[in-house]
Structures are given as C-alpha cells and as structure tokens.
2 protein chains.
Amino acid sequence: METRELRYFVAVAEELHFGRAAQRLGIAQPPLSRAIQQLERRLGAALLDRTSRTVALTVAGSVLLVEGRAALDAVDAAERRTLRAALSTTGRAGLALVTKAGASSELLAKLLDAYAAEPGAVPVEVILCGPAEQERLLREGRADVALLHRPFDSTAGFHTEELGTEGQVVVLPSGHPLTVRAHVHMADITALPGLPLPRWPDPDGSYPPGPGPQVRDHAQLLQLVALGRACSVSPESCRAQLHGDLAAVPVLDAPTVTTVIAWPPHSRSRAVADLVRTATRL
Amino acid sequence: METRELRYFVAVAEELHFGRAAQRLGIAQPPLSRAIQQLERRLGAALLDRTSRTVALTVAGSVLLVEGRAALDAVDAAERRTLRAALSTTGRAGLALVTKAGASSELLAKLLDAYAAEPGAVPVEVILCGPAEQERLLREGRADVALLHRPFDSTAGFHTEELGTEGQVVVLPSGHPLTVRAHVHMADITALPGLPLPRWPDPDGSYPPGPGPQVRDHAQLLQLVALGRACSVSPESCRAQLHGDLAAVPVLDAPTVTTVIAWPPHSRSRAVADLVRTATRL
DNA sequence: GGCAACGATACCGTCCGGGTATGGATCCGG
DNA sequence: CCGGATCCATACCCGGACGGTATCGTTGCC
C-alpha cells in the first residue's frame, strides 16, 4: 500500500463523499473513485458500501480508517524527525520538549538546568501547549520528549519513566470561606456555589457541554479563579505560581498526580536518552 | 513521502550498497540511485554520505532508517488488520491471540472458556510462538492481542492490563539433589555443574554466545531438562506441565513474573475490548 | 598503470495517475 | 409521474514518473 492510496482512502472515509474528498485532496473525483477501486481490488476486500447516492464504511473499511490514520501519522512523524535530525546537525535546536503550559514549572526548570550541565547536552526547545495536545505533538514527531501527568494524560504507545508524584490542591480566590480549612474533600468543591470547575477541550478541540468556563491553559484558569469565576483542582506544585489573589487548600481524596517523562519508542537518540537519565536522577 | 521511497531507502540503508539493495528490491541500480536522490532533494536533507566506493548513513539517515522501519511496519499492520477484519466478516476466525508456547496454559484456557461464554464472542485463533516473537506479531498486525510476561517481554507501544503475578521455580530433573530443598536462591542455580541455563534467541533470531543449549520454546526446554542437559527458571504456573521426570523448587529471589494482556493502540475492535474485559475479570 | 567495483548520468519506452466529458442510478420537487 | 439535480462510475486522452539498458567518472587494488 502506498501512502497516497491511504491518504485518498482516509479522505473518502472521513467525508463519506467522493466529491468532497476529491476537493479536499485537490484532485478530480474520477481518479479518486478509480484509486479506491484499485485499492479494494488489490486488497481483495470491500472497504466502502456505496450506492449511487450514499457511501458507508464496511467493517474492513473502518479498521483501515483507524489503522491507516495511525500509519500515516507514523510516516509523517518519520519525515519530521528526520528533518529535525538534519537541522540539529546543521547547528539548530537539538531536542524539543513539550509540556502543559503552567505545570511542573520548577521540575522543568530543574531538569533543564541539570541537563544543560551534562556533557554533550544539546539545546532544548521547550514547547508549551494545552492539555491533550502533547500526545499529538509527540506522536507526530513535532516533539522528542514530553512531560505528562497521569492520570490525566494517556501514556499509551510511549516509553515512560516516573519522575514523581504529588497530591492535588483546590485553588480558590483568596478570602473564600473554604481557604481557612486545613484540607477539604472533593465533595466540598464539586458544587461550590458560583465557582464551577472549568471545562477543558477534548483532543479534537471541542468542549464538553456543561457549566463552568472553557479554558485552554493553566494561566488562563488561574486568572478565572482570581476573578471569582471558577475554582480548580490542580497538582500542588502549581502553588509556586499563585500570587496574592489566590489560595490553595489540599484536597485529601483527589487522585494523586504522577509526572512522567515520555518519549516515542524507536527513539535511538543519544540526546533523548541523556535527558531521560538526567530526569530520573533528579 | 511514499512507502515506495521509504522501502527503497531502508533497503539501501540496511545494505549500505546500492547494487545489493537494488537486487533485494528487484529493480535495477540506476532507478534506485535516482529515487534516493529525489527523496533527499524533496526532504532537503542528506541521508547518505556516499563516495564512489562507500556508502554511510548521515545522522538524519539513521533517524529515517529507524523511523521509516516503524512507519512501514505501521502500514503493513494496517493492511493486515484490514484483511483480517474483511475475513472475519466473511465468516472466518475473528481474533488472533498470541502467547508463548508452554506458558500460562491454565490462565489461557480459563480465559478462552470465559470469553467463549460471553455474548457476542467470536472465534479465537491461538498462535503459539517463541519468546520475543509475540511483540513482532502484534506490531505487524498478525495478531490482535497477546499474553506477555514482564519483565521478559517489552510492553512498549501497547496497551496492557495486568492479569496476575507469580513467583518463579527452578525446573530440574527429578532426583537432582536440589529437589529435596523447600526453596533455593538464584545463587544456588546459576552455576549448577552440568545444568546450565538455556540460551533464548534474540529478536533477530540469533543466539547470544555462552554455555547452555539453544532453545526455541518451553516444551523443548523441558525436554532438555528431563534429559539432564539444562535447568530452567520458569514461572510457577509451568508446574502444571511437569511430568514424572521433572521437579520444581521455588526460587525465592527470582524476579516476580507479571502476566499481562496486551493489544495495539487504535484497536477499536469490539472483540478485543470484550476479551480484555473478560481477562481482567478472571 | 590497468582493472574491477560502484555510484551517477543519459536516454528511452511504458505504464500509471490525473484531467475532461459523459453515462447511469437515485432522490426530490412539482 | 416526470424532469432535473446529485453523485458515483466509465471512457478516453495526455503527461510525467518509474524502470530498464548503456555508459561515464571515480576510487581502490593488484
């Protein structure tokens, strides 16, 4: 199977419409029809049930949609990582590390310092992004290594090393009645009047329905908390970023957060291995 | 990047010789040279350092070799899984489960029984193979799910659920002096006179150097133990397969073995999900 | 210095991928 | 019930890409 065939099939399978898929691919519709037919003939399996009015996926087709996307991702990642490697030999940044904006900042600072002191260290480009984006960036080869936080982030498909665990605190506007407590429970905060928990975007960028403001990163969230529009359950390390308007109280029964360093399998890179080793020794 | 280009590059990168690579690919050498040049030009990066006498990988080239192999694996896996899905709708076996020959047989039997009793169960094809082959079969899409044993098997890149842990025993010919002991330590058996530990094949099929017979599966190993040519440290569940000529003694300080059920990410299959759920409930 | 090995280049034929025009089936509005 | 619109398939043509053969230029070796 050629990647071109896969791209064509994925486009049709996503659109369920040859005309739109062809338009998206920048080709005419007849060659697309023919390409899909050839693919089906070569595989010896029907991928699409089509009448002259409608297109539907067969079982095999839905498998190929999922697996084909993964394969195309892998091809694209191979290309990007190759280009990154080529750039790094011509003197540019050698490693891209991605982490959630506003999380584990002191851990990250310590890691970068410690790694920079290693012999043979290369420049590290730090990418900050919203939650659930890291996984994609790492999978697509746009980043070489990520700091993830279980159980929020999925580590499926990556190699990981645990770097540490921490409890969670609820972040509130300073002066809120609850801030006088030494600790609280989840039940105390799930239905705080006027202070809903925020909604984070799904991997596809859309927001789940419900109350609570939509937030994209931690800084934005803290701002909303300071404004008295939300409260937040966050790893306790976020206390380092709290200023006067905010207060934090430990939540005893919130799930423990584990920070892990993750990197794609097949990473033979010396630099990634050094960085991971440095991280585990912190 | 097209898979054809990737295949060509991987062949050259592995052979480090355009002529042999072309032969392996079944094409002439000039088109291969040209294809690699085009690939390098399109990427804008040198992949190979070549003189008229020698070919060597650049840094970027070695990255593309590793990543490209992974991407090609993903494409092949997509094709195989699609074909398996197509077959299963035309009435053939629906799931392929791979495990080491001679390991966890009673767990496997219980799992297959329990799953077969589920509503909506599909036929399960059981593939028995040598160690270190399961990972490949699963990655290549030849199998849908595997029973792996940590720490022996790597679970990198797969989703897993733990099914249970067990200690290890040393398997000896019955009548061996150590068999009267209630338990032993690793130090007691690493240098047993005349009873070396066997050598298992590496993932590439070659055997590491050293004493000890070469073995491919557990049945073969037990036969060698019965013949007094080897001893074996194995999970205690293998006791179910021991017959009169063999005896087992617990090894207190051998690493604990964890049996996990593993499946590739992206597996949206209802059948895999059912099987995993059944397994975790055992 | 001649030869052999090896990758690059030149040139040519063929097949494949893409375009336009059109056919055939289905749904819908009048 | 009919005509048009929609949508996928077919027919046909063209250009370029891919593969093959012949040959060149360089390099290492006897």
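Remember, it's a predicted structure, so these values are computed and weren't measured experimentally.

**As for the overall build of chain A**
Inference 1: Broken down by element type, chain A carries 9 helices and 10 strands.
Inference 2: Viewed in the frame of its principal axes, chain A has a C-alpha envelope of about 70 × 50 × 25 Å.
Inference 3: Partitioning the contacts of chain A with sequence separation of at least 6, the portion at a separation of at least 24 is 66%.
Inference 4: Here chain A has roughly 13200 Å² of accessible surface; of this, 52% comes from carbon and sulfur atoms.
Inference 5: Considering chain A, the positive charge centre built from 29 side chains and the negative charge centre built from 30 side chains are found 6 Å apart.

**Notes on the domain arrangement of chain A**
For interface size, the figure often reported is the accessible area lost on association.
All names here are of chain A.
Inference 1: Looking at the assigned domains, one finds that chain A contains domain 1 (3-83), domain 2 (94-157 + 258-280) and domain 3 (168-251).
Inference 2: If you average the C-alpha positions of domain 1 and of domain 2, the two centres end up 33 Å apart.
Inference 3: Contacts between the two partners involve 5 residues from domain 1 and, on the opposite side, 7 residues from domain 2.
Inference 4: Between domain 1 and domain 2, roughly 500 Å² of surface is buried when both sides are summed, and carbon and sulfur atoms account for 39% of that area.
Inference 5: Seen at the junction of domain 1 and domain 2, the total is 1 salt bridge.
Inference 6: Between D73 and R139 there is a salt bridge, and its shortest N-O distance comes to 3.6 Å.

**Considerations on the environment of L137 of chain B**
All names here are of chain B.
Inference 1: Position of L137 relative to the elements: it lies in helix α6 (residues 134-139).
Inference 2: Considered as a pair, L137 and L87 are 50 residues apart in the sequence and their alpha carbons are 18 Å apart.
Inference 3: Beyond its immediate stretch of four places on either side in the chain, L137 contacts V98, I127, C129, R142 and A143.

**Some thoughts on the protein's contact with DNA strand C**
Inference 1: Not every one of the 24 residues close to DNA strand C is listed here, only the nearest: Y8, A28 and R34 of chain A together with S33 and R50 of chain B.
Inference 2: Of all DNA strand C atoms lying within 4 Å of any protein atom, the proportion belonging to sugar or phosphate reaches 60%.
Inference 3: The contact in question runs from a phosphate oxygen of DNA strand C to an N or O atom on the side chain of S33 of chain B, over 2.8 Å.
Inference 4: Those elements that provide at least two residues to the surface near DNA strand C are α1 (3-15) and α3 (29-43) of chain A together with α2 (18-25) and α3 (29-43) of chain B.

**Notes on the layout of surface pockets**
Residues and elements named next belong to chain A.
Inference 1: Computed from the structure, the second largest pocket encloses a volume of approximately 680 Å³.
Inference 2: Together, 36 residues line the second largest pocket, and K100, P131, F152, W200 and V233 are the ones closest to its centre.
Inference 3: At the level of secondary structure, the elements contributing two or more residues to the lining of the second largest pocket comprise α8 (218-226) and β8 (232-235).
Inference 4: Ranked by residues supplied to the lining of the second largest pocket, first place goes to β8 with 4 residues.
Inference 5: Partitioned by chemical class, the residues of the lining of the second largest pocket number 19 nonpolar, 11 polar and 6 charged.

**Brief notes about the nonpolar core**
One recurring pattern in soluble globular proteins is that nonpolar side chains are buried together.
Inference 1: Grouped together as the largest cluster of nonpolar side chains are 58 residues, with contacts concentrated most on F9 and L64 of chain A together with F9 and L64 of chain B.
Inference 2: Not counting residues within four places of it along the chain, the set of residues in contact with F9 of chain A comprises I36, L39, L47, L48, L57, G61, L64 and L65 of chain A.
Inference 3: Among the nonpolar cores identified, the runner-up in size contains 16 residues, and L95, V145, L163 and A271 of chain A belong to it.

**Let's talk about the relation of the copies chain A and chain B**
Inference 1: Of the transformation placing chain A onto chain B, the axial shift is 0.0 Å and the rotation is 180 degrees, giving an RMSD of 0.1 Å. Given the turn and translation reported, the copies of this chain are related as if by a two-fold rotation axis. For chain A, the smallest separation between a C-alpha atom and the rotation axis is recorded for G157 of chain A, amounting to 1.8 Å.
Inference 2: When you check the interface residues of chain A against chain B, 100% turn up at the interface there too, and the contact is symmetric in its surfaces.

**Regarding the pattern of salt bridges**
Residues and elements named next belong to chain A.
Inference 1: Under the defined criterion, the tally for this structure stands at 38 salt bridges over all chains.
Inference 2: A salt bridge links E15 to R24; its shortest N-O distance comes to 3.0 Å.
Inference 3: Of the residues examined, E15 reaches a relative accessible area of 22% and is grouped as partly exposed.
Inference 4: You can call R24 partly exposed: its relative accessible area is 47%.

**Digging into the sheet that holds β8 of chain A**
Backbone hydrogen bonds hold the strands of a sheet together, and the pairing may be parallel or antiparallel.
All names here are of chain A.
Inference 1: The strand order across the open sheet built from 3 strands is β8-β7-β9, with neighbouring strands paired in antiparallel fashion. With partners counted over all chains shown, the strands left at the sheet margins are β8 and β9 (246-251), one partner each. Taking each pair of neighbouring strands and ignoring which way they run, the sheet shows an average axis angle of 40 degrees.
Inference 2: Pairing geometry for strand β7 (residues 168-173) and β8, over 4 bridges, is antiparallel. Paired with V171 across the two strands is S232, which belongs to β8.
Inference 3: Packed onto the sheet, α8 meets β7, β8 and β9 and runs at close to 50 degrees relative to β7.

**Quick look at the protein's contact with DNA strand D**
Inference 1: In the vicinity of DNA strand D there are 24 residues, among which R50 and R53 of chain A together with Y8, A28 and R34 of chain B approach most closely.
Inference 2: Near the protein, meaning within 4 Å, the atoms of DNA strand D are sugar or phosphate in a fraction of 62%, with bases accounting for the rest.
Inference 3: Between DNA strand D and R53 of chain A, the relevant distance is 2.4 Å, taken from a base oxygen to a side-chain nitrogen or oxygen of the residue.
Inference 4: At a separation of 2.7 Å, a phosphate oxygen of DNA strand D approaches a polar backbone atom of A28 of chain B.
Inference 5: Taken together, the elements giving at least two residues each to the surface near DNA strand D come down to α2 (18-25) and α3 of chain A together with α1 (3-15) and α3 of chain B.
Inference 6: The element that contributes the greatest number of residues to the surface near DNA strand D is α3 of chain A, accounting for 5 residues.
Inference 7: Looking at side-chain class alone, the surface near DNA strand D contains 8 nonpolar, 10 polar and 6 charged residues.

**Quick word on helix α9 (residues 270-280) of chain B**
Inference 1: For α9 of chain B, the complete set of buried residues consists of A271, V272, D274, L275, V276, T278 and A279 of chain B.
Inference 2: Next to the buried residues of α9 of chain B lie β3 (95-100), α5 (105-117), β5 (145-150), β6 (159-166) and β10 (257-263) of chain B.

**Points about the sheet that holds strand β9 (residues 246-251) of chain B**
All names here are of chain B.
Inference 1: Strand order in the open sheet formed by 3 strands is β8-β7-β9, and the pairing between neighbours is antiparallel. Looking at which strands have only one partner, the edges of the open sheet turn out to be β8 (232-235) and β9. Going across the sheet, the axis of each strand differs from the next one's by a mean of 40 degrees, ignoring polarity.
Inference 2: Relative to strand β7 (residues 168-173), helix α8 (residues 218-226) is tilted by about 50 degrees, and along the sheet it contacts β7, β8 and β9.

**A closer look at the interface of chain A and chain B**
Inference 1: Contacts between chain A and chain B engage 34 residues on the former and 34 residues on the latter.
Inference 2: Across the chain A to chain B interface the summed buried area is about 3100 Å²; carbon plus sulfur atoms make up 69%.
Inference 3: Here chain A and chain B share 2 salt bridges between them.
Inference 4: E67 of chain A serves as the salt-bridge partner of R81 of chain B, at 2.9 Å between the closest nitrogen and oxygen.
Inference 5: Counting every contact that joins chain A to chain B gives 8 residue pairs in polar contact (both at pLDDT 80 or more).
Inference 6: Secondary structure elements with two or more residues in the side of chain A that touches chain B: α1 and α4 (59-89) of chain A.
Inference 7: Considering each element in turn, the side of chain A that touches chain B owes the most residues, 20 residues, to α4 of chain A.
Inference 8: Class assignment for the residues of the side of chain A that touches chain B results in 19 nonpolar, 8 polar and 7 charged.

Here is what the cut-offs are and how they apply
- Residues numbered from 1 in each chain as written.
- Chains lettered and ligands numbered in written order.
- Predicted model: local features only at pLDDT ≥ 70, side-chain atom pairs only at ≥ 80, totals over all residues.
- Heavy atoms only, no water.
- Helix = DSSP H or I, 4+ residues; strand = E, 2+ residues; numbered from the N terminus.
- Contact = heavy atoms within 4.5 Å.
- Areas by Shrake-Rupley, 256 points an atom, 1.4 Å probe, with all protein chains shown as cover.
- Lys, Arg positive; Asp, Glu negative; His and termini not counted.
- Charge placed at Lys NZ, Arg CZ, Asp CG, Glu CD.
- Domains from an automatic or database assignment.
- Buried area = accessible area lost by both parts, 1.4 Å probe.
- Salt bridge = Lys/Arg side-chain N within 4 Å of Asp/Glu carboxyl O.
- Near = heavy atom within 4 Å.
- Polar contact = N/O pair within 3.5 Å; in protein donor to acceptor, adjacent residues only side chain to side chain.
- 1 Å grid on protein atoms, 1.4 Å probe; cavity = no way out; pocket = protein on both sides within 12 Å on 5 of 7 lines; lining within 4 Å.
- Points joined across faces, edges and corners; volume = space filled by probe spheres on them.
- Nonpolar A, V, L, I, M, F, W, Y, C, P; charged D, E, K, R; others polar.
- Core = buried A, V, L, I, M, F, W, Y, C linked by side-chain atoms within 4.5 Å.
- Buried < 20%, exposed > 50% of the residue type's maximum accessible area, 1.4 Å probe, protein only.
- Least-squares fit on C-alpha atoms with pLDDT ≥ 70 in both.
- Pairing = 2+ DSSP bridges.
- Axes fitted to C-alpha atoms, helices over the stretch in contact; angles between N-to-C directions.

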